[in-house]
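A look at the structure
Given next are the chains, with one letter for each unit.
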Amino acid sequence: MTAHAATHKPAARSGARKVQAAARAEPGTGNDAIYARISEAIAAHKLPPGAKLGEEALGDIFGVSRTKIRQALFHLASDKLVTLIPGRGAFVAQPTVREAQEVFEARRIVEAAVMTQFVARATDKDIAALHKHLAAQKRASATGNTQSRNHLLGDFHTVIAQFAGNAVLAEIVGELVARTSLITLFYQNTRAAAASLDEHVTLMAAIEKRDARLAVKLMHEHLNDVEHGLVLKNDSSPVLTDLRAALGTTGPAA
């Protein structure tokens with residue numbers, strides 16, 4: 001992962017973070033390499049939500065047994081990147097419209113309380129750390145590093161929750177951000193991500209002024225905008241995808 005602006009213990013280990021870490025990993029062998037290649041293709045939107053991940057096809061692509069493919073798919077499923085449906089097989093995860101709406105509703109409620117608490121308690125050191133974090137977001141966006149940018153955009157909220165000083169609330173925000181990160185990974189467009197960065201800059205200005213009421217208002221509007229920037233649809237139909245082209249590999253993974 002790219003360097004964070006502040007040294008902190010993550011409130012929750014998200015599937016989205018694992019995607020990004022795996023996508024940066026050097027090619028290896030066995031299940032880890034298969035996991036890395038598939039998760040990288042998901043992060044790069046080469047494997048769209050609902051894409052079928054056939055064990056036999058993947059076995060041919062990676063030159064490994066179906067047992068190894070199955071193990072990698074279980075790993076991906078545990079990180080909620082893949083959905084395993086008995087009798088049908090494995091598919092790239094496809095969060096529903098209702099799930100996305102409920103996650104954002106929960107975030108608006110929780111993060112309003114977190115922001116009020118953070119503004120009241122934030123030290124100059126906390127503010128400086130957030131500025132560094134914001135600078136890292138800008139660098140990732142300017143360099144076109146989509147995976148790093150998306151991670152940092154979500155992590156900004158987690159850092160604020162940690163600085164607010166309530167460990168329970170920080171954990172809740174971390175879990176919600178983790179779920180949001182997966183949703184935005186699949187469904188947020190580049191323009192919406194750029195708008196999120198701009199809104200973080202505006203939010204930072206309100207925080208610096210110690211204006212809790214304005215900061216809460218801006219946070220609420222920001223989360224609304226992120227939600228409205230998603231292109232969601234309730235369609236569980238399998239998506240036909242050229243797996244070999246999407247995974248960009250013709251050699252064995254073991």
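Since this is a predicted model, take the numbers as computed values, not measurements.

On a plain count of helices and strands, the protein comes out with 11 helices and 3 strands. Helices and strands appear in the protein in the N-to-C order α-α-β-α-α-β-β-α-α-α-α-α-α-α. Here the protein holds 254 residues, and the buried ones make up 48% of them. In the protein, 77% of the contacts between residues at least 6 apart in sequence involve partners at least 24 apart. In the form shown here, the protein has an accessible surface area of approximately 12,300 Å², with 53% of it arising from carbon and sulfur atoms.

Here we take up the sheet that holds strand E1 (residues 52-53). Spatially, the 3 strands line up as an open sheet ordered E1-E3-E2, and their pairing is antiparallel. Each end of this open sheet is capped by a strand with a single partner; those strands are E1 and strand E2 (82-85). Bridging between E1 and strand E3 (residues 89-92) involves 2 bridges; their strand directions are antiparallel. Bridge pairing links Lys52 to Phe91 in E3. Packed on one face of the sheet, helix H4 (residues 66-78) meets E1, E2 and E3 and runs near 115° to E2.

Take unusual backbone geometry next. Phi is positive for Lys80, which is not a glycine, with a value near 65°. Positive phi, close to 60°, is recorded for Arg210, a residue that is not glycine. Among the residues examined, Arg210 registers a relative accessible area of 35% and is labelled partly exposed.

For the rest of this paragraph, the subject is helix H3 (residues 55-62). By the burial criterion, the buried members of H3 are Glu55, Leu58, Gly59, Ile61 and Phe62. Seen end-on, H3 carries its buried residues on one side only, within an arc spanning 165°. The outward face of H3, more than 90 degrees from its buried face, is lined by the exposed residues Glu56 and Asp60. Downstream of H3 by a residue or two, Gly63 has a phi angle that is positive, lying close to 70°.

Let's shift gears to the environment of Phe91. Within the element layout of this structure, Phe91 appears in strand E3. Taking the C-alpha atoms as reference, Phe91 lies 8.3 Å from Gly54; in sequence the two are 37 residues apart.

Moving on, we come to helix H9 (residues 190-208). Under the 1.5 Å per step criterion, the end-to-end length of H9 is 28 Å for 19 residues, consistent within 8% with the ideal 27 Å. If you check which residues of H9 are buried, you get Ala192, Ala193, Ser196, Leu197, His200, Leu203, Met204, Ala206 and Ile207. With its phi angle positive at about 60°, Arg210 sits one or two positions after the end of H9.

Before going further, it helps to spend a moment on the confidence of the model for the protein. In this model, the protein carries an average pLDDT of 84, and 84% of its residues clear a pLDDT of 70 or more. When pLDDT is averaged over each helix and strand of the protein, the minimum, 47, is found for helix H1 (residues 15-24) and the maximum, 96, for helix H10 (residues 212-228). In this model residues 19-29 is a low-confidence stretch, pLDDT under 50, and it forms 21 contacts with partners more than four residues away in sequence or in other chains.

Across 4 bridges, the pairing between E2 and E3 is antiparallel. Paired with Ile85 across the two strands is Gly89, which belongs to E3. Between E2 and E3, which pair antiparallel one after the other, the connecting turn spans 3 residues, and Gly87 there sits at a positive phi close to 85°.

This part takes up the pattern of salt bridges. All told, the structure shown has 8 salt bridges when counted by the stated rule. With its nearest N and O atoms 3.4 Å apart, the salt bridge here joins Arg66 to Glu55. Taken together, the positions of Arg66 in helix H4 and Glu55 in helix H3 put the pair 11 residues apart, joining distant regions of the chain. One salt bridge in this structure joins Glu55 and Arg70, with 2.8 Å as the shortest N-O distance. Of this pair, Glu55 sits in helix H3 while Arg70 is found in helix H4, placing the two residues 15 residues apart along the sequence. Judged by relative accessible area, Arg70 falls into the partly exposed class, the value being 33%. Through salt bridges with shared partners, one network takes in Glu55, Arg66 and Arg70.

Procedures and definitions
- Residues numbered from 1 in each chain as written.
- Predicted model: local features only at pLDDT ≥ 70, side-chain atom pairs only at ≥ 80, totals over all residues.
- Heavy atoms only, no water.
- Helix = DSSP H or I, 4+ residues; strand = E, 2+ residues; numbered from the N terminus.
- Buried < 20%, exposed > 50% of the residue type's maximum accessible area, 1.4 Å probe, protein only.
- Contact = heavy atoms within 4.5 Å.
- Areas by Shrake-Rupley, 256 points an atom, 1.4 Å probe, with all protein chains shown as cover.
- Pairing = 2+ DSSP bridges.
- Axes fitted to C-alpha atoms, helices over the stretch in contact; angles between N-to-C directions.
- Arc of directions from axis to C-beta.
- Expected span 1.5 Å × (residues − 1).
- pLDDT = per-residue confidence, 0-100.
- Salt bridge = Lys/Arg side-chain N within 4 Å of Asp/Glu carboxyl O.

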